[in-house]
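Results of the structural survey
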Amino acid sequence: MKLHEYQSKQIFAHYGIPIPKGRVASTAEEARQIAVELGRRVVVKSQVLVGGRGKAGGVKVANTPDEAEQMAQTILGMNIKGLTVRKVLVDEAADIQHEIYLGVVINRAARRVTMMASAAGGMEIEQVARTSPEKIVKVLIDPFIGLCDYQARQIAFALGLKGDQIRDFGAIASGLYKTFLDCDASLAEINPLVITGDGKLLAVDGKIVTDDNASFRHQDLAVLRDVDEETSSEAEARKFGLSYIQLDGQIGCMVNGAGLAMTTMDIVKLFGGSPANFLDIGGGASADKVAAALRIILADPNVKAVLFNIFGGITRCDEVARGIVAALKQVPTQVPMVVRLVGTNEEEGRAILAGAQMQTANTLVEAAQKAVAAANGEEYVPAPPPPPVAYKPKARTIARPVVKKPVRPVARKTTRKVSKQATKKVIRKTSQK
Ligand code: GDP
Ligand code: MN
């Protein structure tokens with residue numbers, strides 16, 4: 001789950017990271033009121049869950065409460081990268097001398113949480129990574145030790161910070177790392193962390209992305225979820241416990257199991273199609289879950305064909321078939337469908353679907369080819385089987401390894417030689433005692 005800037009910064013403040021004074025507003029009048037309370041130059045910032053709001057005109061500095069009201073008026077309702085602005089944050093404007101990037105992410109390759117920083121802050125870090133990767137400093141954090149002071153100093157020096165800034169930066173870095181851990185985040189980022197005119201550090205922007213797999217232990221964060229920002233499909237998928245990610249292709253895929261879903265997408269791609277979504281209905285899906293999944297798929301106007309790939313194990317094919325029939329009653333559609341049902345109760349499943357207008361397939365290859373053809377409005381022509389490959393034993397090219405005779409180990413010389421007779425003497429002496 002992504003948190004808004006204002007939510008992220010409030011959490012940062014809780015961990016001792018300095019943030020500007022300010023509040024969030026839903027109307028221009030409220031924005032004006034906040035500007036009056038702050039009593040100085042303010043910055044009016046759109047609160048939408050995307051980056052690059054500044055460039056899109058969603059961040060504006062206002063000198064007076066009147067200006068703040070005007071700017072809030074223009075920003076509220078604005079569309080930024082497909083999202084409507086419903087709230088603005090009105091913060092004290094910072095006197096910015098320099099912008100730094102500071103972020104904590106999971107580095108899967110290193111299997112460590114990694115702190116990244118760059119003196120080229122403000123712009124998106126992906127762009128810095130592309131154009132001048134040498135400007136990014138990274139430190140890997142040992143999970144048992146945590147972020148060490150020396151590591152924070154190492155970053156501070158690399159950023160060119162001086163004097164008190166180094167100490168203050170240490171507190172901010174450790175606060176950001178704690179935020180990351182406590183929120184079970186996959187990203188905690190300050191961009192920009194600014195150096196103000198009087199040399200102080202201030203977190204002007206904030207972003208936290210939490211890991212949904214840990215949401216069960218974060219009732220505190222659950223209230224921060226902004227349902228306005230989710231597409232209705234995502235919200236419905238979450239309600240029914242479906243893993244759904246919308247993509248921009250044309251073939252809707254309904255699959256049980258994440259691995260099978262990935263394979264299905266790969267095979268669709270292999271035969272020249274492109275998947276409209278990733279959708280895992282999970283194990284043991286009930287008919288109403290299947291119906292919800294199909295409604296979600298069909299709600300996407302790009303979908304030109306639907307491919308069902310169900311492997312019945314715990315999931316029963318007849319139950320899935322019932323769900324498909326139920327959904328088709330709710331959402332009548334002309335979109336062609338291809339279904340491959342294999343496993344538990346597959347005959348019953350096929351019998352239920354016999355009445356529905358659907359193509360069936362026995363193999364995944366056949367199912368994918370039929371779905372691609374249907375999406376393109378073409379007739380399915382089975383691909384000819386690949387030509388047989390004649391077996392020809394390979395010529396031996398590798399020389400036999402030369403077997404060396406093992407070298408006999410040389411007996412080690414002992415420094416003291418004890419003769420047999422001397423030993424006998426000692427034995428005699430001790431037995432006499
Ligand atoms: P983003 O574009 O969505 O990342 O939004 P940011 O909050 O990072 O703002 C974008 C840019 O606006 C920053 O990089 C700053 O240059 C500028 N900005 C943000 N807040 C202030 C402020 O308080 N004062 C001034 N002068 N500029 C600001
Ligand atoms: Mn930013």
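Here we summarise the structure given alongside this text. (Residues numbered from 1 in each chain as written. Chains lettered and ligands numbered in written order. Predicted model: local features only at pLDDT ≥ 70, side-chain atom pairs only at ≥ 80, totals over all residues. Heavy atoms only, no water.)

What follows concerns the pairing of strand S16 (residues 277-280). Neither face of S16 is left uncovered, since the one carrying Asn 277 and Leu 279 and the one carrying Phe 278 and Asp 280 both have all their residues buried. In this sheet, S16 lies alongside strand S14 (residues 243-246) in antiparallel orientation, the contact comprising 4 bridges. Of the residues in S16, the one forming a bridge with Ile 245 is Phe 278. (Buried < 20%, exposed > 50% of the residue type's maximum accessible area, 1.4 Å probe, protein only. Helix = DSSP H or I, 4+ residues; strand = E, 2+ residues; numbered from the N terminus. Pairing = 2+ DSSP bridges.)

A few words on the packing of helix H11 (residues 317-330) against helix H12 (residues 346-353). As a packed pair, H11 and H12 sit with axes 7 Å apart at the nearest point and diverge in direction by 15°. Relative to H12, H11 is oriented roughly parallel. The two elements H11 and H12 meet at a crossing, and its hand is right-handed. Seen from H11, the contacting residues are Cys 317, Asp 318, Ala 321, Arg 322, Ile 324 and Val 325; seen from H12, they are Glu 346, Glu 348, Gly 349, Ile 352 and Leu 353. Residues belonging to the contact of H11 with H12 are distributed by class as follows: 6 nonpolar, 1 polar and 4 charged. (Axes fitted to C-alpha atoms, helices over the stretch in contact; angles between N-to-C directions. Parallel < 35°, antiparallel > 145°, perpendicular 65-115°, else oblique. Left-handed = near helix turned anticlockwise from the far one by under 90°. Contact = heavy atoms within 4.5 Å. Nonpolar A, V, L, I, M, F, W, Y, C, P; charged D, E, K, R; others polar.)

Take the sheet that holds strand S2 (residues 22-25) next. As a general point, the strands of a sheet are linked pairwise by backbone hydrogen bonds and lie either parallel or antiparallel. One open sheet holds the 4 strands; their spatial order is S2-S7-S3-S4, and the pairing between them is antiparallel. Looking at strand neighbours, the two that pair on one side only are S2 and strand S4 (59-62), the edges of this open sheet. Across the sheet, the mean angle from the axis of one strand to that of its neighbour is 20°, orientation sign disregarded. Judged from the 5 bridges that link them, strand S3 (residues 42-46) and strand S7 (residues 88-92) form a sheet pairing that is antiparallel.

Neighbouring ligand 1 are 16 residues; Lys 45, Arg 53, Gly 54, Ala 94 and Glu 99 lie closest to it. Note that an oxygen atom of ligand 1 is positioned 2.8 Å from one of the backbone N or O atoms of Gly 54. With respect to ligand 1, the backbone of Asn 191 contributes an N or O atom lying 3.2 Å from an oxygen atom. When isolated, ligand 1 has an accessible area of 560 Å², and the protein chains bury 80% of it. More than half of the atoms of ligand 1 fall within 2 Å of the grid points belonging to the largest pocket. Elements that contribute at least two residues to the shell around ligand 1 include exactly S3, strand S8 (96-107) and strand S11 (185-196). Split into classes, the residues belonging to the shell around ligand 1 amount to 7 nonpolar, 5 polar and 4 charged. (Near = heavy atom within 4 Å. Polar contact = N/O pair within 3.5 Å; in protein donor to acceptor, adjacent residues only side chain to side chain. Areas by Shrake-Rupley, 256 points an atom, 1.4 Å probe, with all protein chains shown as cover. 1 Å grid on protein atoms, 1.4 Å probe; cavity = no way out; pocket = protein on both sides within 12 Å on 5 of 7 lines; lining within 4 Å. Sits in = over half its atoms within 2 Å of the grid points.)

Worth remembering: the numbers are spatial, not functional.
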